[in-house]
Amino acid sequence: MRVTRGIPAAAKSPVALTIGNFDGVHLGHRAMLDELARASKRLGVPSCVMIFEPQPREFFAPDKAPTRLTSLREKLEQLEACGVNHVHVCRFNYAFAQIAAHDFIERVLVRGLGVRWLQVGDDFRFGSRRAGDFVMLKQEAPRLGYEVQALPSVMVEGIRVSSTAVRDALAAGDCARAARLLGRTYSISGRVVRGDQLGRKLGYPTANVHMKHNRAPLCGIFAVEVHGARGKSGGVVRGAASLGVRPTVKAQGAAAVLEVYLFDFKEEIYGHPLRVDFLHKLRDEEKYADLETLKRQIALDVENAQRYFQTSGTRKTG
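The notes below deal with the structure included here.

Calculation notes
- Residues numbered from 1 in each chain as written.
- Predicted model: local features only at pLDDT ≥ 70, side-chain atom pairs only at ≥ 80, totals over all residues.
- Heavy atoms only, no water.
- Helix = DSSP H or I, 4+ residues; strand = E, 2+ residues; numbered from the N terminus.
- Buried < 20%, exposed > 50% of the residue type's maximum accessible area, 1.4 Å probe, protein only.
- Contact = heavy atoms within 4.5 Å.
- Pairing = 2+ DSSP bridges.
- Axes fitted to C-alpha atoms, helices over the stretch in contact; angles between N-to-C directions.
- Disulfide = S-S within 2.5 Å.
- Phe/Tyr/Trp six-rings, centres within 6.5 Å; stacked < 30°, edge-to-face > 60°.

This next bit is on the side chain of Ser187. Position of Ser187 relative to the elements: it lies in strand S9 (residues 187-193). Classification of Ser187 as buried rests on a relative accessible area of 13%. Sequence-distant contacts of Ser187, that is, excluding residues within four places in its chain, are made with Glu74, Arg275, Val276, Asp277 and Phe278.

Listed below in structure tokens is the structure:
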């Protein structure tokens, strides 16, 4: 998959294009990507996705922007897995936000990207003051020589599939509902880094996974499955994970940390890239009176996670 940045002065070839944040690459996004693939094949042109970095709400109101479901790297990995040929990462800044809607269509989409076919969500807005919408795109299509279609909302169990709906499910600790909206288990990827070794001191050594999210969309103690601990072809390792600020040992305002205790696993994996799949929330994070009380609770968490795997019928460890 080809990844480019910036606005080209002129396209090298025409494309079939879809535009959005694609945070989480959920089932609604996947429906768009399926349509994109069909158009790409029909027209004989590459499939292209335009995404924004940072996302517009992060630029305009960083303190109020929603938590990200996926880092840029995770998003690109998901788009590649969906068969996208080309991703255009558009830097969202003040100058870009000031582009007039008609100018965005002509200079960015038609001249810069060579759009031959375009698909957007039914609520898509663009250009300065969000003046552009699907109606404008459709009005300009005959003159500028592209096809355009809007994709209606995708519904799952009466819920409109959206990044917001996935965040709500994760914030509520409902990993199963989040998975149904995503079409896969929610996961966080990152490399194993050295922590403060507290888990080892308590008898439960953990892999400290570096998160690229500035804030995680979920927190608490979870039953998880981990990919990458035994290398690319080593199968899945089950475990119990803590994602939070560790109030028993850290002062208020500490950054969230993702730590995973891997069952029946003794290898050193510092530097390994891992993907942690969150299957079931066991409980919320709590502050304990002392480390001995925390140690007893960790033992109970591990027991409860193992019981979850014994009774849930999830896929077998590889």
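The subject of this paragraph is the pairing of strand S5 (residues 115-121). Most of S5 sits out of view: 6 of its 7 residues are buried. Relative to S5, strand S2 (residues 15-19) is paired through 4 bridges, and the arrangement is parallel. Considered in S5, the bridge of Thr18 is made with Gln119.

Before going further, it helps to spend a moment on the sheet that holds strand S4 (residues 86-91). Strand order in the open sheet made by the 6 strands is S1-S4-S3-S2-S5-S6, with parallel pairing throughout. With one partner strand each, in any of the chains shown, strand S1 (2-5) and strand S6 (147-151) form the two edges of the open sheet. Sheet twist, expressed as the average angle between the axes of neighbouring strands with direction ignored, equals 25 degrees. For strand S3 (residues 47-53) and S4, the ladder comprises 6 bridges, and the chain directions are parallel. Along S4, the bridge assignment pairs Phe52 with Cys90. Helix H6 (residues 134-144) contacts S5 and S6 of the sheet and is inclined by roughly 160 degrees relative to S6.

Here the focus is the state of the cysteines. Going through the model one piece at a time under the given rule, you end up with 0 disulfides. In this structure Cys175 is not part of a disulfide, and its nearest cysteine sulfur, from Cys219, lies 11 Å away. We classify Cys175 as buried; its relative accessible area is 6%.

Okay, the packing of aromatic side chains next. Any pair of aromatic rings gets described here by the distance separating the centres and the angle formed by the planes. One pass over the full model with this rule turns up 15 aromatic pairs. For the ring pair Phe124 and Phe126, a centre distance of 5.5 Å and an interplane angle of 20 degrees mean the geometry is stacked. Given the relative accessible area of 13%, Phe124 is considered buried. Here Tyr204 and Tyr261 contribute two aromatic rings whose centre-to-centre distance is 5.3 Å and whose plane-to-plane angle is 75 degrees, an arrangement assigned as edge-to-face. With Tyr204 in the loop between helix H9 (198-201) and strand S10 (207-209) and Tyr261 in strand S13 (residues 257-262), this residue pair connects regions lying 57 residues apart in the sequence. Relative accessible area serves as the criterion here: at 18%, Tyr204 is assigned to the buried category.

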